[in-house]
Amino acid sequence: MITSFKDVIAWQKAYQFVLQTYKVTAKFPDYEKYGLSSQFQRAAVSIAANFAEGFKRLSKADKLRLMNISQGSLEECRCYIMLSRDLGYITNEEYDTLTYSLEGTSFYLNAYCRGISENKGID
């Protein structure tokens, strides 16, 4: 039984992605502290945080609005992963790990949103 946002696989995947993002961005150059590193971290956190907020919203429209913000932040992170690789801040292995994690998050987040849209009894 799902009683908390923490019980939802989509949120669990998003949270793991946040942890991975912080680990990787900790190695970025110091001059990126308030640039790409900060933007990347905030977008990653936004995926999980907006999901958590939307989870308790009562109306379908409110839930979907916040889930859509999560989806937008997810796509923002997709861009930051590519940019980080192309600037040489992350290795190809880190790129693959982050991309795989993001794809898993996207899959479950999209499935959760479909469930809400189709009135599948998702809280």
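Remember, it's a predicted structure, so these values are computed and weren't measured experimentally. Throughout, a residue's number is its position along its own chain's written sequence, starting from 1. Selection of residues for local features in this predicted model requires a pLDDT of at least 70, selection of side-chain atom pairs for listing and counting requires 80 or more, and totals for whole chains, interfaces and linings are taken over all residues. Side-chain calculation: all heavy atoms of the structure are included, whereas hydrogens and water are not.

> Is there a simple way to explain the overall build of the protein chain in this structure?
Broken down by element type, the protein chain carries 4 helices and 0 strands. Each helix corresponds to a stretch of at least 4 residues labelled H or I by DSSP, and each strand to a stretch of at least 2 residues labelled E; elements are numbered beginning at the N terminus. Starting at the N terminus and walking to the C terminus, you meet the elements of the protein chain as α-α-α-α. Its C-alpha atoms give the protein chain a radius of gyration of 15 Å, near enough to 14 Å, the size a compact globule of 123 residues would have. By its C-alpha atoms, the protein chain is 45 × 25 × 20 Å across when sized along the principal axes. Here's how the labels work: a residue is buried when its accessible area is under 20% of the maximum for its type, exposed when over 50%, partly exposed in between, all with a 1.4 Å probe on protein chains only. Within the protein chain, the fraction of its 123 residues that count as buried is 41%. Counting only contacts in the protein chain whose residues sit at least 6 apart along the sequence, the fraction spanning at least 24 positions is 68%. Only the protein chains shown count as cover for residues, with accessible areas throughout obtained via the Shrake-Rupley method and a probe of 1.4 Å. Counting every atom, the protein chain has about 7100 Å² of accessible surface; 55% of that belongs to carbon and sulfur. Across the protein chain, the centroid of the 15 positively charged side chains sits 6 Å from that of the 14 negatively charged ones. Our radius of gyration is a C-alpha quantity, and the globule rule it is checked against amounts to 2.2 Å times the number of residues to the power 0.38. Residues are treated as being in contact if the distance between any of their heavy atoms lies within 4.5 Å. Positive charges come from Lys and Arg, negative ones from Asp and Glu, while His and the chain ends are left out of the count. Charge positions come from single atoms, namely NZ of Lys, CZ of Arg, CG of Asp or CD of Glu.

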